[in-house]
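Notes for the structure review
Chain by chain, the residues:
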There are 6 protein chains.
Amino acid sequence: MTDPRKHDKSHPPGRRDQGGLTHLADDGSAAMVDVTSKARTSRKAVAHGFLRCSRRAFRLLVDGGNPKGDVQQVARVAGIMGGKRAGELIPLCHLLPAASVRVDVEPDASIPGLRVIATATITERTGVEMEALTAVSVALLTAYDMLKAVDRGMTIESVRLEEKSGGRSGSWRRE
Amino acid sequence: MTDPRKHDKSHPPGRRDQGGLTHLADDGSAAMVDVTSKARTSRKAVAHGFLRCSRRAFRLLVDGGNPKGDVQQVARVAGIMGGKRAGELIPLCHLLPAASVRVDVEPDASIPGLRVIATATITERTGVEMEALTAVSVALLTAYDMLKAVDRGMTIESVRLEEKSGGRSGSWRRE
Amino acid sequence: MTDPRKHDKSHPPGRRDQGGLTHLADDGSAAMVDVTSKARTSRKAVAHGFLRCSRRAFRLLVDGGNPKGDVQQVARVAGIMGGKRAGELIPLCHLLPAASVRVDVEPDASIPGLRVIATATITERTGVEMEALTAVSVALLTAYDMLKAVDRGMTIESVRLEEKSGGRSGSWRRE
Amino acid sequence: MTDPRKHDKSHPPGRRDQGGLTHLADDGSAAMVDVTSKARTSRKAVAHGFLRCSRRAFRLLVDGGNPKGDVQQVARVAGIMGGKRAGELIPLCHLLPAASVRVDVEPDASIPGLRVIATATITERTGVEMEALTAVSVALLTAYDMLKAVDRGMTIESVRLEEKSGGRSGSWRRE
Amino acid sequence: MTDPRKHDKSHPPGRRDQGGLTHLADDGSAAMVDVTSKARTSRKAVAHGFLRCSRRAFRLLVDGGNPKGDVQQVARVAGIMGGKRAGELIPLCHLLPAASVRVDVEPDASIPGLRVIATATITERTGVEMEALTAVSVALLTAYDMLKAVDRGMTIESVRLEEKSGGRSGSWRRE
Amino acid sequence: MTDPRKHDKSHPPGRRDQGGLTHLADDGSAAMVDVTSKARTSRKAVAHGFLRCSRRAFRLLVDGGNPKGDVQQVARVAGIMGGKRAGELIPLCHLLPAASVRVDVEPDASIPGLRVIATATITERTGVEMEALTAVSVALLTAYDMLKAVDRGMTIESVRLEEKSGGRSGSWRRE
């Protein structure tokens, strides 16, 4: 029987050449990036996305089918809760429990549809991009679920990172 | 003290006028749709979405930065697991545990990026659109997570239902 | 080594004497009740509870500290989501995923505080009392969390079943 | 299309006037409190609650229907596990994973019923009141579930914080 | 852009040749088995496993270090809860929420250690082997966790199915 | 009514005599170990286990029934995700969210079967043995699930810690 300790590669941090896929070990198999040697710093990420719906669904949403703003409210709460669970849903993403997540959901007639923006902040060894992006995705799926009886053809579009700051790779901002 | 039973509206099934928002009770507040009077039938939903990345990230994905196809494999597994948990993430969506979820993840040079298609089937009183759409979203978020060190600017696009069948509202197919 | 099959007691259904504890096996150890021989029928449960707060917290909640009704909305969504997860939180409770949960959250000056009523319905082999009671508890905990900066001394009171129907034991209603 | 970054309010920490609702952003919508600027200190919270049952259920619990103390044991384990998941159940509550939770469950003839006390400790940027209160609630729901075949009319009462220490707001103790 | 519906293979049920891997689609990729065409029947599975520890740890467990039998009790509750979540942990396993799980945990001096037996029953379209095996595994991991301060060298052994009944493939019993 | 604060034993750290069960309070009841006074240090654990299958199942796994290596890939992803959730499954185990988990899954003809090795690293106040052992167990259960149509008689064997480092108790290595 082979010695299992020979297999222990202690979380090889992935290809070190610039721009390599950090989640792949040297043999190409998937692995979480070991973050124990990173510094614990304040990090922030902002993500964005929208749901495009029919004119009719949009009118119901804004004018009267939705008098108390419930779609926005439920989507916002679901987005916050979903963002906190990013590390449970995404295999190679760390659970980052003390993350703070904020979600804004607003109707936008120019789409027409709902626009979602999520901000996630944390003081940790790794970033919160996935928390922000997951919050946006779950908020949009929730809005889809609540509106689908009116319009099954809605599409989720442009789920993307807008900016991030903190961490070794520094700040990034969408041009 | 008021009698709590007066407040019991027994899950009002939402606005009955055609095309109303079924998740809103008569007073506009959010509520799950009561499905106990619906028939248990075989239902199916197919959803689709894609991740658009840079040419450089795409080459790494296809040519060599990813020799064992791991991004696709991990995204597929994550999508299946995420789809099963739709009812946990989306507030007014029923948990539909015996759902079967299939996820396909394929590189597509015409994007360039990854295309994801998920199919969910179940025999239940309510449909599996949200399982299929959640599977697509989680698979795409997983791919984003694995590729983000190479390209932070990637966007998730066109997450949408392609077709559904079964249930009272009958079949639907994107035109 | 003993034969493991001798230990198999096939889910003894608990003490059969009237009023015994159905979750205890013959030897007194905890066990889930086997429900495979029960009929799948429509079942419903209504539960109730309230949060008592200070006059000052109540004014903030009703008059102005909470202009968009957010505490009620967030508590309602959290209650629905919590109710769906009763079987995950409560060891000997079955997961009952297709349950529909409705939660109402209303300020009540006579407490003063918030009153929560939850209704859960399902067509299954076992009841939804725990879904309704868990929904009430999680909604109240959420309200506590959102108001605790104003009043740490709030108390959750009278979390209780109001009525249930369906199933072998028939209907029950609080006198 | 509007610039999503304009919507980024970076987790406004809530109304700053004394006693405001910290979970509401300036526009009244719900948001998690950003805790990245808070100090990581040792924090502790103690919470309490009880389940009131009939004399008959209490006798079964204490005298013989429950010879190995299982209701208490199962409720204790469920309470610990539930307390760890407070941040998953309560929307605006942070996940605080390294929290330690202790739960005591004791029959009390003066109720008659079961009394639950939970203590949660952590070294973090935000407190563990919700972990302690959730542990109490889940332990009481578990006891209700195990005893409900004997007495459906039981009520959960007086779920409340007893004391907290650590953090910017200092110590608090119920008078 | 290719037509996503071409990719829809509607959950191919896997290789049909006798004894093939049912979780692999025709192209070898992983997929959940579609169970919608299977009959809903009563199914049962019994699984077994044990934890081998040092003589010293065993004495503490049995004689005095554990006067109230807590390791067994906590392991039993954890096993039940873990078994219910098999479908959440195992990617291609269906969530089977109405499953009933029973777990027995007993010290066995002949190992020396703890023996765990779990029985899972359900009326569904697919079996409960994974619920029973997961219950055993989680119960054993829990016992390891509680005893590891005394003996880090403990091993989990012989986690295996003992018997299953119900479903198309009929009954099976370990020889 | 008794004063609940009298019951507050503030997480007694367990029996202090050498080698006692740290998860048991002075009265023998289960409790999580309070770790707030421990130092936050870098910790690592390596665990191992294997699945023994029939020669026929092994051939299918290696030669052709599994052309894309899916069983290994799916088991690896499931193991990573399961390892991150150890604290959710195991009652007295802390949630340790920033843990990094790596899982290797390899066929081994000498068993015949699959060998799994998991490494978990973290910088925290308590160790990651349970994350590594849970990752191994979930990976093995996943492989069982994918192969069970070919061989129901497979057994999970030798799930055990191989080494740990970091923390007050120092390094440990299986002899």
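Up top you'll find the structure we're talking about.
Because the structure is a prediction, the values reported are computed rather than measured.

1. Considerations on the overall build of chain A
- What chain A contains, in helices and strands, is four helices and five strands.
- Along chain A, helices and strands appear, N-terminal first, in the series β-α-α-α-β-β-α-β-β.
- Of all 175 residues assigned to chain A, the portion counted as buried reaches 71%.
- A sequence separation of at least 24 residues applies to 68% of the contacts in chain A between residues at least 6 apart.
- Surface exposure of chain A reaches about 5400 Å², of which carbon and sulfur atoms provide 47%.

2. Examining the relation of the copies chain D and chain E
- It takes a turn of 180° to lay chain D on chain E, together with a shift of 0.0 Å along the axis; the resulting RMSD is 0.0 Å. Such a turn and shift between the copies fits a two-fold axis.

3. A few points about the pattern of salt bridges
- Counted by the stated rule, this structure contains 62 salt bridges over all chains.
- Among the salt bridges present, the one from Glu-162 of chain E reaches Arg-174 of chain E, with a minimum N-O distance of 4.0 Å. Within this pair, whereas Glu-162 of chain E is found in strand β4 (residues 155–165), its partner Arg-174 of chain E is found in the segment after β5 (172–173), the two being separated by twelve residues in sequence.
- A salt bridge links Arg-52 of chain F to Glu-157 of chain F; the shortest N-O distance between them is 4.0 Å.

4. Comments concerning unusual backbone geometry
- Of note, the amide linkage connecting Ile-111 of chain A to Pro-112 of chain A takes the cis form, showing an omega dihedral of -15°.
- Here Pro-112 of chain A is to be found in the loop between β2 (100–108) and β3 (113–124).
- A positive phi angle, close to 55°, is found at Ser-158 of chain C, a residue other than glycine.
- Of note, Ser-158 of chain C is situated in strand β4 (residues 155–165).

5. Here we look at the side chain of Glu-163 of chain F
Residue and element names in this part refer to chain F.
- Within the secondary structure layout, Glu-163 lies in strand β4 (residues 155–165).
- Judged by its relative accessible area of 11%, Glu-163 falls in the buried class.
- At 3.2 Å, the side chain of Glu-163 and the side chain of Arg-173 are in polar contact.

6. Here's the deal with the interface of chain D and chain E
- In this assembly, eight residues from chain D lie in contact with eight residues from chain E.
- Taken together, the two surfaces of chain D and chain E that pack against each other cover about 640 Å², and 55% of this comes from carbon and sulfur.
- Summed over the three residues of chain D that lose the most area to chain E, namely Gln-73, Val-77 and Met-81 of chain D, the buried surface amounts to 57% of that side.
- The tally of links from chain D across to chain E stands at zero salt bridges.
- Counting the contacts that link chain D with chain E gives two residue pairs in polar contact (both at pLDDT 80 or more).

7. Quick look at the side chain of Asp-104 of chain D
Residue and element names in this part refer to chain D.
- Checked against the element boundaries, Asp-104 lands in strand β2 (residues 100–108).
- Judged by its relative accessible area of 6%, Asp-104 falls in the buried class.
- Engagement of the side chain of Asp-104 in a polar contact is seen with the side chain of Arg-102, the distance being 3.0 Å.

8. Side note on the environment of Lys-148 of chain D
Residues and elements named next belong to chain D.
- Relative to the elements of secondary structure, Lys-148 occurs in the loop between α4 (129–147) and β4 (155–165).
- Spatially, the C-alpha atom of Lys-148 lies 40 Å from that of Gly-170, the residues being 22 residues apart in sequence.
- Within the structure, Lys-148 has its side chain in polar contact with the side chain of Asp-145 (distance 2.8 Å).

9. As for the packing of helix α2 (residues 70–84) of chain C against helix α4 (residues 129–147) of chain C
All names here are of chain C.
- Orientation of α2 relative to α4, taken along the N-to-C sense of each, is 145°, at an axis distance of 7 Å. Relative to α4, α2 is oriented so that their crossing is right-handed. Along the contact surface, α2 presents Asp-70, Val-71, Val-74, Ala-75, Ala-78, Gly-79, Gly-82 and Gly-83, while α4 presents Glu-131, Thr-134, Ala-135, Val-138, Ala-139, Thr-142, Ala-143, Met-146 and Leu-147.
- For the contact of α2 with α4, the per-class residue count stands at ten nonpolar, five polar and two charged.

10. Quick look at the pairing of β4 of chain F
- Burial analysis of β4 of chain F places ten of its eleven residues in the buried class, the great majority of the element.
- Judged from the four bridges that link them, β4 of chain E and β4 of chain F form a sheet pairing that is antiparallel. Looking across to β4 of chain F, one finds that Val-159 of chain E is bridged to Ile-156 of chain F.
- Pairing between strand β1 (residues 41–52) of chain F and β4 of chain F: eight bridges, direction antiparallel.

11. Re empty space enclosed by the protein
- Considering all chains together, one arrives at 13 cavities of 30 Å³ or more under this definition.
- Here the largest cavity defines a volume of roughly 340 Å³.
- Around the largest cavity sit 30 residues that line it, and Glu-124 of chain B, Arg-40 and Glu-124 of chain C together with Arg-40 and Glu-124 of chain E are the ones nearest its centre.
- Listed by contribution, the elements that provide at least two residues to the lining of the largest cavity are β3 (113–124) of chain B, β3 (113–124) of chain C together with β3 (113–124) of chain E.
- Of the residues forming the lining of the largest cavity, the biggest block, four residues, is contributed by β3 of chain E.
- Taken together, the residues of the lining of the largest cavity break down into 14 nonpolar, seven polar and nine charged.

12. Thoughts on the packing of α4 of chain C against α4 of chain D
- Interhelical geometry of α4 of chain C versus α4 of chain D gives an angle of 165° and a closest axis separation of 11 Å. Judged on the interaxial angle alone, α4 of chain D and α4 of chain C are roughly antiparallel. Of the two elements, α4 of chain C crosses α4 of chain D, and the hand of that crossing is right-handed. Mapping the contact onto sequence places Met-130, Leu-133, Thr-134, Ser-137, Leu-141, Tyr-144 and Asp-145 of chain C in α4 of chain C and Met-130, Leu-133, Thr-134, Ser-137, Leu-141, Tyr-144 and Asp-145 of chain D in α4 of chain D.
- In terms of residue class, the contact of α4 of chain C with α4 of chain D is built from eight nonpolar, four polar and two charged.

13. Section: the nonpolar core
- Core analysis: the biggest nonpolar cluster contains 300 residues, and Val-103 of chain A, Val-103 of chain B, Val-103 of chain C, Val-103 of chain D, Val-103 of chain E together with Val-103 of chain F have the highest contact counts within it.
- In this view, Val-103 of chain D contacts Arg-76, Gly-79, Ile-80, Val-116, Ile-117, Ala-118, Ala-135 and Ala-139 of chain D; residues no more than four positions away in its chain are not counted.

Calculation notes
- Residues numbered from 1 in each chain as written.
- Chains lettered and ligands numbered in written order.
- Predicted model: local features only at pLDDT ≥ 70, side-chain atom pairs only at ≥ 80, totals over all residues.
- Heavy atoms only, no water.
- Helix = DSSP H or I, 4+ residues; strand = E, 2+ residues; numbered from the N terminus.
- Buried < 20%, exposed > 50% of the residue type's maximum accessible area, 1.4 Å probe, protein only.
- Contact = heavy atoms within 4.5 Å.
- Areas by Shrake-Rupley, 256 points an atom, 1.4 Å probe, with all protein chains shown as cover.
- Least-squares fit on C-alpha atoms with pLDDT ≥ 70 in both.
- Salt bridge = Lys/Arg side-chain N within 4 Å of Asp/Glu carboxyl O.
- Polar contact = N/O pair within 3.5 Å; in protein donor to acceptor, adjacent residues only side chain to side chain.
- Buried area = accessible area lost by both parts, 1.4 Å probe.
- Axes fitted to C-alpha atoms, helices over the stretch in contact; angles between N-to-C directions.
- Left-handed = near helix turned anticlockwise from the far one by under 90°.
- Nonpolar A, V, L, I, M, F, W, Y, C, P; charged D, E, K, R; others polar.
- Pairing = 2+ DSSP bridges.
- 1 Å grid on protein atoms, 1.4 Å probe; cavity = no way out; pocket = protein on both sides within 12 Å on 5 of 7 lines; lining within 4 Å.
- Points joined across faces, edges and corners; volume = space filled by probe spheres on them.
- Parallel < 35°, antiparallel > 145°, perpendicular 65-115°, else oblique.
- Core = buried A, V, L, I, M, F, W, Y, C linked by side-chain atoms within 4.5 Å.

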